[in-house]
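Chain residues, written in single-letter form:
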Amino acid sequence: MDPLLSVRGLTVTFGSFTAVEDVSFDIHAGQTLAVVGESGSGKSVTALSIMRLVELGTRGKIEAGEILFRNSDGEVIDLVRQREDQMREIRGNQISMIFQEPLTSLNPVYSVGDQVAEAVILHQGLDKEAANERVLDMFRLVRIPEPEERMAQFPHEMSGGMRQRVMIAMALSCDPKVLIADEPTTALDVTIQAQILGLMRDLREQTGAAVLIITHDMGVVAEVADDVVVMNRAKVVERGPVTQIFESATEPYTQALLASVPRLGSMTGLDKPAPFELVEYQP
Amino acid sequence: MKQITARIAWSLGLILAVIVMCFTLIHLAPGDVAIVIAGDSGAGDPEVIAEIREDLGLDQPFVVQLGGYVGDVAQGDLGTSYRFNEPVTDLITTRLWPTFLLVGTAVSFAIVLGVLVGVFTARRPENPISHGVTVFSLTGYSMPVFWTGLMLVIMFASNVRWFPVSGMRDVRLDGNWLEEWIDIAHHLVLPSITLGVIYLAQYSRLSRASMLEVLQSDYVRTARAKGLAERRVVYKHALRNAVIPVVTVAGLQFGQMLSGALLVETVFNWPGLGRLASDSVFQRDAPVLLGILICSASLVVIINILTDLVYRLIDPRIRVGGAS
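Here the structure is a predicted model, which is why all the values come from computation and not from measurement. (Residues numbered from 1 in each chain as written. Chains lettered and ligands numbered in written order. Predicted model: local features only at pLDDT ≥ 70, side-chain atom pairs only at ≥ 80, totals over all residues. Heavy atoms only, no water.)

### Comments concerning the sheet that holds strand β1 (residues 5-14) of chain A
Residue and element names in this part refer to chain A.
Here is step 1 of the chain: Spatial ordering of the open sheet is given by β2-β1-β4-β5, a layout of four strands whose pairing is antiparallel. Edge positions in the sheet fall to β2 (17-27) and β5 (76-78), since each has one partner strand and no second. Taking each pair of neighbouring strands and ignoring which way they run, the sheet shows an average axis angle of 5°.
Here is step 2 of the chain: Pairing geometry for strand β4 (residues 60-70) and β5, over three bridges, is antiparallel. Looking at β5, one finds that Arg 70 is bridged to Val 76.
Here is step 3 of the chain: Against the sheet, helix α1 (residues 43-50) engages β1, β2 and β4, with an angle of about 115° to β1. (Pairing = 2+ DSSP bridges. Helix = DSSP H or I, 4+ residues; strand = E, 2+ residues; numbered from the N terminus. Axes fitted to C-alpha atoms, helices over the stretch in contact; angles between N-to-C directions. Contact = heavy atoms within 4.5 Å.)

### With respect to the interface of chain B and chain A
Here is step 1 of the chain: Opposite the 24 residues of chain B that make contact, chain A presents 28 residues.
Here is step 2 of the chain: With both chains or domains summed, chain B and chain A bury close to 2,400 Å², and 57% of this area falls on carbon and sulfur atoms.
Here is step 3 of the chain: At the surface where chain B touches chain A, the tally comes to three salt bridges.
Here is step 4 of the chain: Between Lys 236 of chain B and Glu 118 of chain A there is a salt bridge, and its shortest N-O distance comes to 3.3 Å.
Here is step 5 of the chain: At the boundary of chain B and chain A, one finds 13 residue pairs in polar contact (both at pLDDT 80 or more).
Here is step 6 of the chain: Those elements that provide at least two residues to the side of chain B that touches chain A are α9 (218-225), α10 (230-252) and α14 (316-319) of chain B. (Buried area = accessible area lost by both parts, 1.4 Å probe. Salt bridge = Lys/Arg side-chain N within 4 Å of Asp/Glu carboxyl O. Polar contact = N/O pair within 3.5 Å; in protein donor to acceptor, adjacent residues only side chain to side chain.)

### Comments concerning the sheet that holds strand β3 (residues 32-36) of chain A
Residues and elements named next belong to chain A.
Here is step 1 of the chain: In space, the six strands of this open sheet follow the order β6-β7-β8-β3-β9-β10, with mixed pairing throughout. Two strands close off the open sheet at either side, each with one partner strand: β6 (95-98) and β10 (235-241). Each adjacent strand pair in this sheet contributes to an overall mean axis angle of 15°, direction not counted.
Here is step 2 of the chain: Bridging between β6 and strand β7 (residues 178-182) involves four bridges; their strand directions are parallel. Paired with Met 97 across the two strands is Ile 180, which belongs to β7.
Here is step 3 of the chain: Together, β3, β6, β7 and β8 (210-215) form the strand contacts of helix α8 (residues 190-207), whose direction differs from that of β8 by roughly 160°.
Here is step 4 of the chain: The sheet contacts of helix α11 (residues 252-259) involve β3, β9 (227-232) and β10, and relative to β9 the element is tilted by about 105°.

### Some remarks on the side chain of Asn 93 of chain A
Here is step 1 of the chain: By secondary structure assignment, the location of Asn 93 of chain A is in the loop between α2 (84-90) and β6.
Here is step 2 of the chain: If we skip the residues at most four places from it in the chain, Asn 93 of chain A touches His 123, Cys 174, Asp 175 and Pro 176 of chain A.

### A word on the environment of Val 76 of chain A
All names here are of chain A.
Here is step 1 of the chain: With respect to the helices, strands and loops of the structure, Val 76 is situated in strand β5.
Here is step 2 of the chain: Given a relative accessible area of 53%, Val 76 falls into the exposed group.
Here is step 3 of the chain: Between the C-alpha atom of Val 76 and that of Arg 150, which follows or precedes it by 74 residues, the distance is 39 Å.
Here is step 4 of the chain: Apart from residues no more than four positions distant in its own chain, Val 76 is found in contact with Leu 68, Phe 69 and Arg 70. (Buried < 20%, exposed > 50% of the residue type's maximum accessible area, 1.4 Å probe, protein only.)

### Let's talk about the layout of surface pockets
Residues and elements named next belong to chain B.
Here is step 1 of the chain: Looking at the largest pocket, its volume works out to about 800 Å³.
Here is step 2 of the chain: Every residue lining the largest pocket is counted, 31 residues in all, and those nearest its centre are Leu 58, Gln 65, Tyr 82, Ala 286 and Pro 287.
Here is step 3 of the chain: Broken down by secondary-structure element, the contributors of at least two residues to the lining of the largest pocket are α1 (2-28), α4 (62-74), α12 (273-282) and α13 (286-314).
Here is step 4 of the chain: Tallied by class, the residues present in the lining of the largest pocket amount to 16 nonpolar, eleven polar and four charged.
Here is step 5 of the chain: Here the lining of the largest pocket gathers at least three residues from each of two domains, domain 1 (2-74) and domain 2 (96-323). (1 Å grid on protein atoms, 1.4 Å probe; cavity = no way out; pocket = protein on both sides within 12 Å on 5 of 7 lines; lining within 4 Å. Points joined across faces, edges and corners; volume = space filled by probe spheres on them. Nonpolar A, V, L, I, M, F, W, Y, C, P; charged D, E, K, R; others polar. Domains from an automatic or database assignment.)

### Here's the deal with the nonpolar core
Here is step 1 of the chain: Membership of the largest hydrophobic core comes to 90 residues, with the highest contact counts inside it found for Ile 50, Leu 79 and Ile 95 of chain A.
Here is step 2 of the chain: Sort the elements by how many residues they give to this core and helix α7 (residues 160-172) of chain A lands first, with eight residues.
Here is step 3 of the chain: Here Ile 50 of chain A is in contact with Leu 5, Val 7, Phe 25, Ile 67, Leu 79, Met 87, Ile 95, Ile 180 and Leu 212 of chain A, once residues within four sequence places are set aside.
Here is step 4 of the chain: Counting residues in each nonpolar core, the second largest holds 72 residues, with Tyr 199, Val 246, Phe 254 and Tyr 311 of chain B among its members. (Core = buried A, V, L, I, M, F, W, Y, C linked by side-chain atoms within 4.5 Å.)

### Brief notes about the domain arrangement of chain B
All names here are of chain B.
Here is step 1 of the chain: Partitioning chain B into structural domains gives domain 1 (2-74) and domain 2 (96-323).
Here is step 2 of the chain: Here the C-alpha centroids of domain 1 and domain 2 sit 33 Å apart.
Here is step 3 of the chain: Contact residues are listed per partner, giving 19 residues for domain 1 and 18 residues for domain 2.
Here is step 4 of the chain: Counting each side, the surface lost to burial between domain 1 and domain 2 is near 1,500 Å², with a carbon and sulfur contribution of 75%.

### Let's talk about α13 of chain B
Here is step 1 of the chain: Look at α13 of chain B: 41 Å from first C-alpha to last across 29 residues, which is about the 42 Å you get at 1.5 Å a residue.
Here is step 2 of the chain: Summarising burial for α13 of chain B: 21 of the 29 residues are buried, a large majority. (Expected span 1.5 Å × (residues − 1).)

### Notes on empty space enclosed by the protein
Think of a ball as big as a water molecule: rolled over the atoms, this probe shows where empty space is left.
Here is step 1 of the chain: Evaluated as defined, the whole model comprises four cavities of 30 Å³ or more.
Here is step 2 of the chain: Estimated volume of the largest cavity: approximately 70 Å³.
Here is step 3 of the chain: Considering the residues around the largest cavity, the lining is formed by Gly 92, Ser 96, Met 97, Ile 98, Phe 99, Ala 119, Met 167, Met 170 and Ala 171 of chain A together with Thr 222, Ala 225 and Lys 226 of chain B.
Here is step 4 of the chain: Where the lining of the largest cavity is concerned, the elements lending two or more residues are β6 and α7 of chain A together with α9 of chain B.
Here is step 5 of the chain: Residues belonging to the lining of the largest cavity are distributed by class as follows: eight nonpolar, three polar and one charged.
Here is step 6 of the chain: Space inside the second largest cavity adds up to approximately 60 Å³.
Here is step 7 of the chain: Along the walls of the second largest cavity sit Thr 32, Met 200, Arg 201, Arg 204, Val 211, Ile 213 and Val 224 of chain A, which together make up its complete lining.
Here is step 8 of the chain: Those elements giving two or more residues to the lining of the second largest cavity turn out to be α8 and β8 of chain A.
Here is step 9 of the chain: No other element matches the three residues that α8 of chain A contributes to the lining of the second largest cavity.

Below you can see the structure in the form of structure tokens.
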């Protein structure tokens, strides 16, 4: 089956610094691809490049590569070559994104209901009333209790888990074909993390969207991913189905990343955690 | 609501403190009003002076004078002007609105234009116009108000004669209300630019810095990720957050602006409170001066309360009494 989104040889620079170098991967409909790696490995820049947000408000530039996307009409387009107005039609509509820190990712001066409704009004052309109905449905879908009351609340009046549910509701409100989640659980505590991951898995099954999840947490990868791309220092180190990566990773960097997950009893006989050995990727 | 009531109660205490302090300061100031009045009427002998002093209650002990004054003010009576022999309240009310008009126009001009300039330069920091605006802001910020006023008069009232040199109305004009307002607006241009330009410089720099920060924020990225047009991202999502510091500073600076108005009114012969204040200082007209000080202090307090209310409108985190 043809992939829904195919990144080919993507290279992104910030001035003389190369943040992403020759990165390629495919995502298929209804599947979850996890991009893992430590901070600064280029995961988030890859995600922002797919949305072409890396060129807005930052000095980032897509130097090479193509991002082929099969749009709602079944046509394959290269996102790198789309004009800004064409990208605006795609952003939040066919490809949407949720971010790491839900408190700072929501505008503090507008109610959460208005912020979600804005995307619906923009892309689906609904009036305010119909948009609010749609927001209510989305809040119910992401299991926000008392959705009518919650719609009028401001981000600071909600808990971290609720805010992230609002972000997910916003991202899914226009039935996107691809959902990009950039470390969606990093800012949440462990029980809420499990709830959000469970919710994302259920929603993927319900909507059939492809999910690209960016994380540095191998626990999250094991929980949700079908396929894994491991990145280090702007490059893809290893890729494969999740079982293969966990059971028989071939690259020393992937093995070190897997070994860095603390296990019960791993500290027995030690008075402090063992330092993480930096492994350089040798292509 | 409870917070606002507490603020009002606290403000009344503050105004009382201002009255006591100003009254004491004026009392301690050198010079005797009785001598000035007697001198003006051409009768300088000690008996007349003593009589004037008795009439005005200046022979009473300081505490009695202060107590009497505070009691009168509490009833809305600011006394009678020594100079004009008119109730101070009447004098102030007729002069208040020209000052309001001047300060209000200058503030609006400075905030609206300052924020627009700030947004423009924040969005296009490398544009040559942005550099030009930055230089202009610095120049505007460095110019003393009275000098700016004089330069504008020389350039636009004396050389090219686009605007009148001074005053608020053309005495020769005999027209309907619309023509009168147009005439006032014509007279208002140079004084309000003079007063506003220094604040324009400050607000444009402040909103530029604030906008640059807000444009890097996560919620602006979310707004872009929704597919919103850049104009909507900037003017709906970023601007409302970026103007919060401008509102704070504008509220705090209102007092400064009133004192700036004093200089501008003197330069442009604008019939406002500032000119009345400077005339009263030279004529030792203590009741008028005190009335103006109380009026200005009250205005500053009221504006601060209004600033708080505007804050609440802009930023819902303040409405519930603090962010989580």
